[in-house]
Amino acid sequence: DQQVKQNSPSLSVQEGRISILNCDYTNSMFDYFLWYKKYPAEGPTFLISISSIKDKNEDGRFTVFLNKSAKHLSLHIVPSQPGDSAVYFCAASAQGFNNDMRFGAGTRLTVKP
Amino acid sequence: EAGVTQFPSHSVIEKGQTVTLRCDPISGHDNLYWYRRVMGKEIKFLLHFVKESKQDESGMPNNRFLAERTGGTYSTLKVQPAELEDSGVYFCASSQSGSNTGELFFGEGSRLTVL
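Model, not experiment: these values are computed from the prediction.

Description of the pairing of strand 9 (residues 86–94) of chain A
All names here are of chain A.
Consideration 1: Among the nine residues in strand 9, nine count as buried, and that is most of the element.
Consideration 2: As paired strands, strand 4 (residues 30–38) and strand 9 are joined by eight bridges and run antiparallel to one another. Residue pairing across strands places Tyr32 opposite Ser93, the latter belonging to strand 9.
Consideration 3: As defined by bridge partners, strand 9 adjoins strand 11 (residues 107–112) across three bridges and the pair is classed as antiparallel. Across the sheet, residue Tyr88 finds its bridge partner in strand 11, namely Thr107.

This is the structure we're talking about:
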């Protein structure tokens, strides 16, 4: 039972343009959402997060949007850079922090120079 | 400060053999998690330790998998006997209790190949 879904396995964008990565979840108990970035042969690293009490969180070029009614979140990267090329995982947890986090299957982003 | 370290980075074994993966979390992190990723699929939760206690092991596939965290420091994940479908990358992650970001810190993973 996959509770966090990333339906796009890959995305390719041109350098300087916007990258939009999408994520859907099924468990209405999730109240904290995170994006992780993963390079080959490395573990995932935290990128940005959002609590369910917010609908937007911004950190530099990265913005996460949360639509609770649609159980959907998205990560916007603008402008995209070649160094952003990686696999991006959406994650969610319930009942606050340090509760078991569930991950999506990841979206491989390729930013072309 | 050292991050989460995992050993071995890659293990190739034959079906029926035993493998033990080790994870050293970041010092002071009470929470330790094991995850597994089979190629192209989600990072699947296996279990969660709080110190030496198993908080949640609902993701463990079957009784061929045994995780321990004696003394609440490092953890081991043993697969015995290994099957072909156990192949994948096993990630360990840790976090502090009461962290205000909810962030997990991951190791680089242990790739297991069962032939």
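With respect to the interface of chain B and chain A
Consideration 1: With 26 residues of chain B at the contact, the number on the chain A side is 21 residues.
Consideration 2: Summing the contributions of chain B and of chain A, the shared interface buries around 1800 Å²; its carbon and sulfur component is 53%.
Consideration 3: Considering only the side of chain B, the residues that lose the most area to chain A are Glu42(B), Ile43(B) and Phe106(B), jointly responsible for 26% of the buried surface there.
Consideration 4: Taken together, the links from chain B to chain A amount to three residue pairs in polar contact (both at pLDDT 80 or more).
Consideration 5: Sorting the residues of the side of chain B that touches chain A by element identifies strand 4 (31–37), strand 5 (43–50) and strand 9 (88–95) of chain B as the ones contributing at least two each.
Consideration 6: Split into classes, the residues belonging to the side of chain B that touches chain A amount to seven nonpolar, 13 polar and six charged.

Looking at the state of the cysteines
Residue and element names in this part refer to chain A.
Consideration 1: Considering all chains together, one arrives at two disulfides over all chains under this definition.
Consideration 2: Each sulfur in the disulfide pair Cys23 and Cys90 lies 2.0 Å from the other. Judged by the sign of its S-S torsion, about -75°, the cystine formed by Cys23 and Cys90 is left-handed. Of the two residues, Cys23 is situated in strand 3 (residues 19–25) and Cys90 in strand 9; the sequence distance between them amounts to 67 residues. Neither Cys23 nor Cys90 differs from the other in exposure class; each is buried.

A look at the sheet that holds strand 3 (residues 19–24) of chain B
Residue and element names in this part refer to chain B.
Consideration 1: Read from one edge to the other, the open sheet built from four strands follows the order 1-3-8-7, with strand pairing classed as antiparallel. Every interior strand has two partners, whereas the edge strands, strand 1 (5–7) and strand 7 (65–68), have only one. Each strand axis lies, on average, 15° off the axis of its neighbour in the sheet, ignoring direction.
Consideration 2: In the sheet, strand 3 pairs with strand 8 (residues 75–79) via five bridges, with the strands oriented antiparallel. Its bridge partner being in strand 8, Cys23 is matched across the sheet by Ser75.

Cut-offs applied
- Residues numbered from 1 in each chain as written.
- Chains lettered and ligands numbered in written order.
- Predicted model: local features only at pLDDT ≥ 70, side-chain atom pairs only at ≥ 80, totals over all residues.
- Heavy atoms only, no water.
- Buried < 20%, exposed > 50% of the residue type's maximum accessible area, 1.4 Å probe, protein only.
- Helix = DSSP H or I, 4+ residues; strand = E, 2+ residues; numbered from the N terminus.
- Pairing = 2+ DSSP bridges.
- Contact = heavy atoms within 4.5 Å.
- Buried area = accessible area lost by both parts, 1.4 Å probe.
- Polar contact = N/O pair within 3.5 Å; in protein donor to acceptor, adjacent residues only side chain to side chain.
- Nonpolar A, V, L, I, M, F, W, Y, C, P; charged D, E, K, R; others polar.
- Disulfide = S-S within 2.5 Å.
- Axes fitted to C-alpha atoms, helices over the stretch in contact; angles between N-to-C directions.

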